[in-house]
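Listed below are the residues making up each chain.
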2 protein chains.
Amino acid sequence: MVVEKYHKMGVAKSRIRELFEYGMAQAKVVGKENVFDFSIGNPSVPAPEKVAEVVKELLEMDPIALHGYTPAGGCAEAREAIAADLSRRAKDQIRPENIFFTCGAAPAMTACMHALAVENAEFLLIAPYFSEYPAYCASTGAKCVVVPPDTENFQIRFDELEKRINRNTQAVIINSPNNPSGVIYFEETLRKLGEILTRKGEEIGHPIYVLSDEPYRELTYDGLDFPYVPNIYPNTVICYSYSKILSMPGERIGYVCVPDQCADSEALYAAIAGAARAIGHVCAPSLWQRVVARCTELRPDLETYDHNRVTLYTELTKMGFRCVKPQGAFYMMVEAPDGNSEGFSDRAKALNILTVPCDGFGCPGFSRFSTCVSPAMIQRSLPAFRKLAESYGLKGE
Amino acid sequence: MVVEKYHKMGVAKSRIRELFEYGMAQAKVVGKENVFDFSIGNPSVPAPEKVAEVVKELLEMDPIALHGYTPAGGCAEAREAIAADLSRRAKDQIRPENIFFTCGAAPAMTACMHALAVENAEFLLIAPYFSEYPAYCASTGAKCVVVPPDTENFQIRFDELEKRINRNTQAVIINSPNNPSGVIYFEETLRKLGEILTRKGEEIGHPIYVLSDEPYRELTYDGLDFPYVPNIYPNTVICYSYSKILSMPGERIGYVCVPDQCADSEALYAAIAGAARAIGHVCAPSLWQRVVARCTELRPDLETYDHNRVTLYTELTKMGFRCVKPQGAFYMMVEAPDGNSEGFSDRAKALNILTVPCDGFGCPGFSRFSTCVSPAMIQRSLPAFRKLAESYGLKGE
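Residues numbered from 1 in each chain as written. Chains lettered and ligands numbered in written order. Predicted model: local features only at pLDDT ≥ 70, side-chain atom pairs only at ≥ 80, totals over all residues.

**Side note on the overall build of chain A**
Stated precisely, the cut-off is as follows: Numbering goes from the N terminus for both helices and strands, where a helix is a DSSP run of H or I of at least four residues and a strand is a run of E of at least two. Each radius of gyration is computed over the set of C-alpha atoms, and the globule rule expresses the reference value as 2.2 Å times the number of residues to the power 0.38. Every C-beta atom is placed from the backbone, and the number of other C-beta atoms within 10 Å of a residue's own sets its class: buried at 20 or more, exposed at 12 or fewer, partly exposed in between. Remark: residues whose backbone-derived C-beta atoms lie within 7 Å of one another are considered to be in contact.
Helix and strand counts for chain A stand at 14 helices and 13 strands. Against the globule reference of 21 Å for 397 residues, chain A gives a C-alpha radius of gyration of 21 Å, in line with a compact fold. Overall size of chain A, expressed as C-alpha extent along the three principal axes, is 60 × 55 × 55 Å. Within chain A, buried positions represent 54% of all 397 residues. A separation of at least 24 residues holds for 77% of the contacts in chain A among residues at least 6 apart in sequence.

Right, here's the structure in full:
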């Protein structure tokens, strides 16, 4: 007498966790230094020292104020700081009232999806997509419709997108820099997306929102930048998390931003607040609200991630693998030489290389390698990668 | 094109917040010391000093481990500590695998309710109930059925309860010590509840769970104690929060405990984990998981709350008000002399006494007074209460 879909989600060990546990066990057999775990997306760069300093500072505050309830949307200090920070990039100013703090990006996304899940609602996912979106969608009762991947440039297949829009389409979910591809949507891609959604929205008689899930926003390389999406398409809601930028994914702090220029912004903000409340949101952790308010200028130390990205891309490409060059985040996709990503991950696993097949990300044929690992592990893993390449008969340089 | 029920929940300013804002405005007119705000349930006793000490200790840890993702159910250290702590009270041992950490009791409750919300599911609420339960229920699609209050002893009207049980009944939600009544269910009450649910469960062919929402578990007075419910009725799931015991409601840390003896405990735990994931749970704040693991022996300083409780109860009773004597938590209910609790709260408000009518708690005719206030404020408020009593023609001592 429990809900079957939730039971399934609860017992289905995630592929990533399964690999992690396998890696732990295998380390005991072959030695920790001979297991090459590229499966997990836990930041490998420590939180900036300022984070601990700010926490210590805050502990001097009155504990009743520090640890007490904040308003549901966040304390004034935090909302003001984030609004001011976003306003530096936004054409139209962001007010504290546009910000709703959440326990990370996941509940930010689910609150938005619940708010928009009217009867027969559909959400469009653009493959490759973050593998948890279908689970979030399941809790809303809405339908989730997948736009197949552009496996050349990992932008958006607009013909396929347009075909899937109908009067039930409530939002398109984008995630850029992308997990798992590491690719950033070009400004041109966003502009085209905006044009189509504007036109289709007029056709169907209601706005189609973009839910922009941006936890990797500041993790970009080669001088690239992810644009501020509402500047390009007004009906954009931003979901953000401090997990990656401040290397504190366990602390659960993020927000939703509904800019004023977003269609029906007040009603949408209210519905998001109401949905959040109904699924158990009271406020985001109060200490962490105040920490991020005082750390808006911090940027992650990208050097290690960038170095890993370049090394792994260069070395694997040299061996004859087809790699998708990452421009952001800390993931790289590698194509299975025979198109079978499950088999590829299994074969890699036999060589103690742990990698996640992208079938669960809507992108079969590819596997995801996390580059948030130690540079030394990458170096140690290269002979195993060479064996993997040989096993497929790849001809490297 | 947003979901109407969530929009309503988002725009409906809570009565409590409205009163709070009125109080702030009124303070500017009549002076802060002349506004007597009994509306809010924010702990007025600071977090024990050990909390800050433990945070400082933990900041010495490797930040990647400290702030990183924990498993969805919580880190091993925290689950082990809580399991050991609960096992001291439980007839049957609690294992770390029975514990699922959440961002406070609210998402613990919603995850349980989602997990149990099969088609046509019904949840029984026993009035007076915590006013957010209907909102949680709304997000699951289940029906919430109210058992009217026992306005004499504030226990359970078993005749009314039994009438409302049918084959769709999935769980009875209890909250003891109770918000808003401050009353504790007697062990006898829980035993009788268990008997009925056992019998009815056999009749309808599936277990009826008790969801025991226990954030005030340790806030009890007069040597009373709230029993460990699974010792009395095995099909009990506990939802707990550290908000009140450690005076840190803003930090969002709590857990679900599904004991082994609970019917289908493994399936239920899995469904709760799956439901939590689907509504956006990733893990509970990792720093706070470790803090509570090291603070299981702490108990709140109840002296102030107890003093307030006794003063307010004694003084108001002397004035001729009918008060429900609180045995736990930090609330007291007062009956509106003319049975109109909205009118009573309005009349009190005109005297700058802020109190919440219990209509939203399923208990019209009563108003809730929070006793987590300063003792000095209670003293200052007494002349206003006397005027309130006079306005109803009450004859005090």
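**Overview of the domain arrangement of chain A**
A common measure of how large an interface is: the accessible area buried when the components associate. Residues and elements named next belong to chain A. Our working definition: Where each domain starts and ends comes from a domain assignment, either automatic or drawn from a database.
We note that the domain assignment places domain 1 (4-47 + 300-391) and domain 2 (49-293) within chain A. On a C-alpha basis, the centres of domain 1 and domain 2 stand 27 Å from each other. With 28 residues of domain 1 at the contact, the number on the domain 2 side is 33 residues. If you list the elements that add at least two residues to the side of domain 1 that touches domain 2, you get α1 (4-11), α12 (303-318) and β10 (331-335).

**Some points on the nonpolar core**
Test applied: Connectivity within a nonpolar core runs through C-beta atoms within 7 Å, and the core itself is a set of buried Ala, Val, Leu, Ile, Met, Phe, Trp, Tyr and Cys residues.
If you look at the biggest cluster of nonpolar residues, it comprises 265 residues, and the most contacted ones within it are Cys112(A), Ile272(A), Cys112(B) and Ile272(B). With sequence-adjacent residues up to four places away left out, Ile272(B) is seen in contact with Phe100(B), Ala111(B), Cys112(B), Ala115(B), Val256(B) and Val258(B).

**Overview of the sheet that holds strand β12 (residues 356-357) of chain A**
Applicable threshold: For two strands to be treated as a pair, DSSP must find no fewer than two bridges joining them.
Taken together, the four strands give an open sheet; going across it, the order is β9-β10-β13-β12 (chain A), and neighbouring strands pair in antiparallel fashion. Of all strands in the sheet, those with a lone pairing partner are β9 (323-324) and β12 of chain A, marking the two edges.

**A short note on unusual backbone geometry**
Residue and element names in this part refer to chain A. For the bond running from alanine 127 to proline 128, omega is -10°, close enough to zero to count as cis. Structurally, the position occupied by proline 128 is in the loop between β3 (122-126) and α7 (133-140). Positioned with a positive phi, aspartate 222 is a non-glycine residue whose angle comes to about 55°. With respect to the element layout, aspartate 222 can be found in the loop between β6 (209-213) and β7 (236-241). With 12 C-beta atoms counted inside 10 Å, the residue aspartate 222 sits in the exposed group. Even without being a glycine, aspartate 264 presents a positive backbone phi close to 50°. Position of aspartate 264 among the secondary structure elements: in the loop between β8 (254-257) and α10 (265-278).

**What about the pairing of strand β3 (residues 122-126) of chain B?**
All names here are of chain B. What counts here: Crossover handedness is defined here as right-handed if the route from the first strand over the helix to the second strand goes clockwise, with the strands pointing away from the viewer.
Taking burial as the measure, the five residues of β3 include four buried ones, the bulk of the element. Relative to strand β4 (residues 143-147), β3 is paired through five bridges, and the arrangement is parallel. Bridging from a neighbouring strand, phenylalanine 123 pairs with cysteine 144 of β4. Taken together, β3, helix α7 (residues 133-140) and β4 constitute a β-α-β crossover, and its handedness is right-handed.

**Overview of the interface of chain B and chain A**
To keep it simple, the criterion reads: As a working rule, the residues Ala, Val, Leu, Ile, Met, Phe, Trp, Tyr, Cys and Pro are called nonpolar, Asp, Glu, Lys and Arg charged, and the rest polar, with Gly in that last group.
With 62 residues of chain B in contact, the opposing surface of chain A contributes 62 residues. At the level of secondary structure, the elements contributing two or more residues to the side of chain B that touches chain A comprise α1 (4-11), α3 (49-58), α4 (63-67), α6 (105-116), α7, α10 (265-278) and α11 (286-293) of chain B. Broken down by class, the residue content of the side of chain B that touches chain A amounts to 39 nonpolar, 18 polar and five charged.

**Points about α1(B)**
Given 3.6 residues per turn, any residue in an α-helix points the same way as the ones three and four places further on. This is how it is decided: Note: the arc covers the axis-to-C-beta directions of the helix.
For α1(B), every residue scored as buried is listed here: Tyr6(B), His7(B), Met9(B) and Gly10(B). Seen from one end, α1(B) has its buried residues packed into an arc of 165°, which puts them on one side. In this structure, the buried residues of α1(B) make contact with α6 (105-116) and α10 of chain A together with α7 of chain B.

**Focus on the relation of the copies chain B and chain A**
The following threshold applies: Superposition of the copies used a least-squares fit over C-alpha atoms from residues whose pLDDT is at least 70 in both.
With an RMSD of 0.0 Å, the operation that places chain B on chain A is a rotation of 180° combined with a shift of 0.0 Å along the axis. Between the two chains, the operation in question is that of a two-fold axis. The overlap is high: 100% of the interface residues of chain B also sit at the interface in chain A, so the same surface is used on both sides.

**Some thoughts on the sheet that holds β3(A)**
All names here are of chain A. Stated precisely, the cut-off is as follows: The axes used here are C-alpha line fits, helices contributing only the stretch in contact, and every angle between their N-to-C directions lies in the interval 0 to 180 degrees.
Here we have seven strands laid out as an open sheet, ordered β2-β8-β7-β6-β5-β3-β4, and mixed in their pairing. Of all strands in the sheet, those bounded by a partner on one side alone are β2 (99-102) and β4 (143-147). Looking at each pair of strands side by side, their axes are set apart by 20° on average, direction ignored. Running over the sheet, α6 touches β2, β3, β5 (169-175), β6, β7 and β8 and is turned about 155° from β7.

**Here we look at the pairing of strand β13 (residues 366-370) of chain B**
Residue and element names in this part refer to chain B. Extensive coverage of β13 is indicated by the burial of five of its five residues. Every second residue of β13 is oriented toward a common face, with Phe366, Arg368 and Ser370 on one face and Ser367 and Phe369 on the other, all of them buried. In terms of strand pairing, strand β10 (residues 331-335) meets β13 through five bridges, oriented antiparallel. Paired with methionine 332 across the bridge in β13 is phenylalanine 369. Judged from the two bridges that link them, strand β12 (residues 356-357) and β13 form a sheet pairing that is antiparallel. Paired with proline 357 across the two strands is serine 367, which belongs to β13.

**Some words on helix α11 (residues 286-293) of chain A**
Residues and elements named next belong to chain A. α11 sits mainly inside the fold: eight of its eight residues count as buried. Inspection of α11 places Ser286, Leu287, Trp288, Gln289, Arg290, Val291, Val292 and Ala293 among the buried residues, and these make up the whole buried set. Packing partners of the buried residues in α11 comprise α3 (49-58), α4 (63-67), α5 (76-87) and β2.

**Quick notes on the packing of α5(A) against α11(A)**
Residue and element names in this part refer to chain A. Operational definition: Left-handed describes a crossing whose near helix is turned anticlockwise from the far helix by less than a right angle; the clockwise case is right-handed.
Where α5 contacts α11, the two axes come as close as 8 Å, and the packing angle between them is 35°. The crossing of α5 and α11 is left-handed. Residues Glu77, Ala78 and Ala81 of α5 lie in contact with α11, whose contacting residues are Gln289, Arg290, Val292 and Ala293.

**Comments concerning the confidence of the model for chain A**
Cut-off, in case you're wondering: How sure the predictor is of each residue is captured by pLDDT, a score from 0 to 100.
In the predicted model, chain A carries a mean pLDDT of 96, and the fraction of residues at 70 or more is 100%. For this predicted complex, the interface confidence comes out at an ipTM of 0.96, alongside a pTM of 0.97.

**As for the environment of Gln93(B)**
Mapped onto the fold, Gln93(B) is located in the loop between α5 (76-87) and β2 (99-102). For the pair Gln93(B) and Cys137(B), spaced 44 residues apart in sequence, the C-alpha separation works out to 31 Å.

**Describing the environment of Pro134(B)**
Residue and element names in this part refer to chain B. Relative to the helices and strands, proline 134 is located in helix α7. A count of 17 C-beta atoms within 10 Å places proline 134 in the partly exposed class. Separated by 179 residues in the primary sequence, proline 134 and tyrosine 313 have C-alpha atoms spaced 29 Å apart.

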